[in-house]
Protein chains: 2
Amino acid sequence: MVTSHDVARLAGVSQPTVSRALRDSPNVSAETKERVRRAARSLGYVVSESGRALASGRTRRVGLLVTDLENQFYPYVIAAMHRQLEALDHQLILHTEDRDGEDVTERLFSHGLDGVLLATTTSDSALPVRLRDRGVPFVYFNRTSAVEADSATVDAAAGLGEVAEALAHRGHRRVAAIFGPRNTSTGEEREEALREALEHHGIGLPRALTHRGPFDVETGHAGMRRFLALPQCPTAVVCSNDVVAIGAVNAAHEAGLAIPEQVSVVGFDDLPPARWPVFALTTVAYDLTAMAQAAARLLIERIEAGDRAGSYRHEVFPTRLVHRRTLAAAPAR
Amino acid sequence: MVTSHDVARLAGVSQPTVSRALRDSPNVSAETKERVRRAARSLGYVVSESGRALASGRTRRVGLLVTDLENQFYPYVIAAMHRQLEALDHQLILHTEDRDGEDVTERLFSHGLDGVLLATTTSDSALPVRLRDRGVPFVYFNRTSAVEADSATVDAAAGLGEVAEALAHRGHRRVAAIFGPRNTSTGEEREEALREALEHHGIGLPRALTHRGPFDVETGHAGMRRFLALPQCPTAVVCSNDVVAIGAVNAAHEAGLAIPEQVSVVGFDDLPPARWPVFALTTVAYDLTAMAQAAARLLIERIEAGDRAGSYRHEVFPTRLVHRRTLAAAPAR
């Protein structure tokens, strides 16, 4: 079998340089990398990752844990994290949560990951505790729980404050909201921030005008249908995120209701589909790509710091309201 | 450090049984698995995947190679492949192609994968040749190239035949098409099948009524805009896939053109967004989930067969036209 020593000999460099070059380390010149790669190629040398992992105790693989891979929110997150991790010479491994939390923990551990990105943790999940107890580095993305760890999240209050103001200024008094699950920090924070901001403008959110469910298209669809069946329909619906808002727009479309002439709809996230002309969704925006990259970077830095790891870092991304077509003046009722 | 021997002693089974149980092998009873897991948990035992890989020569990791993770086509594919691979006790690692094909090959090899799922191979890609030469098992998903390998693809001709017939019967004579790239088997096959089927009904596809580009929203948008700028606009636009069709619908929407009253639009794939009421896209459907699972299964079977590997297997999924709202009678011009 060809070894890295054979490659080193052919390339005229030391064996550690071969490892570094093939790992694309920034400490090796582009020229040397090219020479090493050419030598490796001509000898048909394949890096034994397993050997590397045993030697360093690191696999250079991190897991991303999500509940629902089909959710339209994730492609953008996964793409950004993948790019960032690749730049830092790590691989991204996808994991989905089953109903059985225990199962995930075992799977995460048995797969020899250096760390985990938690994208859909519920506040009552036992996973962060287990990860902490086993000393597995992890970072919260978008959501957090009571267990302290590095995090990349959004400052929902600023954007939702703008939403409340925009609604009030356009004469909306009968406003409805579709909230995320109560056992998610994202769901709870956005609900609290929206209630407070609307209250500031004297707008209440009675029970009949709120709906709650997972951050998916079905929740938005079901919520909007419920509101449309009320004796008095709300003039605006604020959604927990863009995917939910797409469901709400679908339901309005199905019912033949014009947006924004008859009902305004507001989202959160500013995903690329929010910009599609068929939606032209007014939504709370932040830099999702930068946030996904920050989570990946925080995790790798935490892993590399090892025992020298310092205090926890929380990167909070600012939000702002982006005006498109779906928010207009309240119709006279 | 706790070893699998400690777990074996506590659980009262042999060490190989511990390995098999923790790998969720079908050859171990559910009861024994539970006993081994409990023992492993109580000892805080973590399987060393690197050790396992060195012992078996297998990593139980397979790569999925795509060009563009943000493309709306992939969440559904990735979710289905991930579920299937998890059921077969393998992990899915995402890889994206750079412009530099050489680079991908090196990365794939250096990461110690047992095999690769190729989802976006171009017909002129050197990658299949390199994989074959190095003896790395791979399976084509959706697309193929000249190098023989197992594959899971669709029978585009059947569905596109139905499209041509539906168009002809609804009086469409001036039909436009947005094709995929010529250097993809999918692009070429769909183009050929559509041209032939339309010709059968006496409908030609002149150069001015065709547009070509990657399978993304931007291509659909640009194609439709070009058609709308023609002195005589087509009455129907057939798109290379649903993502492209969404782009075309967006452009029509932007231009204030009513679908299907002024122009019909047809997609391909029947992705979940095609069913959203705002689109209600008439499209060519097949079982995308089953196809993604088939590709994953074919790859694992190929890996496990090793040197006993037999002839190549091609699973071809049937297609059919699903009628929704975007295809109607040609407007009188």
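See the structure above.
Bear in mind the structure is a predicted one, so any value in this text is a computation, not a measurement.

### Here we look at helix 9 (residues 185-200) of chain A
All names here are of chain A. Taking 1.5 Å of rise per residue, 16 residues should cover 22 Å, and helix 9 covers 22 Å from first to last C-alpha, within 8% of that figure. The complete set of buried residues in helix 9 reads Ser185, Thr186, Gly187, Arg190, Glu191, Ala193, Leu194, Ala197 and Leu198. In this structure, the buried side of helix 9 is in contact with strand 5 (150-154), helix 8 (156-169), strand 6 (175-179), strand 7 (210-212), strand 8 (236-239) and strand 9 (264-269). Just beyond helix 9, the residue with positive phi is Gly202, at close to 75°.

### A short note on unusual backbone geometry
Residues and elements named next belong to chain A. Residue Pro260 follows Ile259 across a cis peptide bond; omega there is 5°. Tracing the backbone through its elements, the reader meets Pro260 in the loop between helix 11 (242-254) and strand 9. Despite not being glycine, Asp270 has its phi angle at roughly 50°, a positive value.

### Re the packing of helix 8 (residues 156-169) of chain B against helix 9 (residues 185-200) of chain B
Residue and element names in this part refer to chain B. Relative orientation of the contacting elements helix 8 and helix 9 amounts to 35°, with a least axis distance of 8 Å. Viewed along their axes, helix 8 and helix 9 form a crossing whose handedness is right-handed. Of helix 9, the residues touching helix 8 (which contributes Ala156, Ala157, Leu160, Gly161, Ala164 and Leu167) are Arg190, Ala193, Leu194, Ala197 and Leu198. The class makeup of the residues in the contact of helix 8 with helix 9 is nine nonpolar, one polar and one charged.

### A closer look at the sheet that holds strand 6 of chain A
All names here are of chain A. Overall, mixed pairing links the six strands, which are arranged 7-6-8-9-10-12 in an open sheet. The open sheet terminates on both sides in strands that have one partner only, identified here as strand 7 and strand 12 (320-322). Within the sheet, the average angular offset between the axes of one strand and its neighbour, ignoring direction, is 20°. Judged from the three bridges that link them, strand 10 (residues 282-285) and strand 12 form a sheet pairing that is antiparallel. For Val284, the partnering residue across the bridge sits in strand 12 and is Leu321. Set on the sheet, helix 9 makes contact with strand 6, strand 7, strand 8 and strand 9; between it and strand 6 the angle comes to about 170°.

### Notes on the side chain of Glu191(B)
All names here are of chain B. Its place among the elements puts Glu191 in helix 9. By relative accessible area, which is 7% here, Glu191 ends up buried. Among the polar contacts listed, one links the side chain of Glu191 to the side chain of Arg212, at a separation of 2.5 Å. Setting aside its immediate chain neighbours within four residues, Glu191 contacts Phe179, Arg182 and Arg212.

What counts as what
Residues numbered from 1 in each chain as written. Chains lettered and ligands numbered in written order. Predicted model: local features only at pLDDT ≥ 70, side-chain atom pairs only at ≥ 80, totals over all residues. Heavy atoms only, no water. Helix = DSSP H or I, 4+ residues; strand = E, 2+ residues; numbered from the N terminus. Expected span 1.5 Å × (residues − 1). Buried < 20%, exposed > 50% of the residue type's maximum accessible area, 1.4 Å probe, protein only. Contact = heavy atoms within 4.5 Å. Axes fitted to C-alpha atoms, helices over the stretch in contact; angles between N-to-C directions. Left-handed = near helix turned anticlockwise from the far one by under 90°. Nonpolar A, V, L, I, M, F, W, Y, C, P; charged D, E, K, R; others polar. Pairing = 2+ DSSP bridges. Polar contact = N/O pair within 3.5 Å; in protein donor to acceptor, adjacent residues only side chain to side chain.

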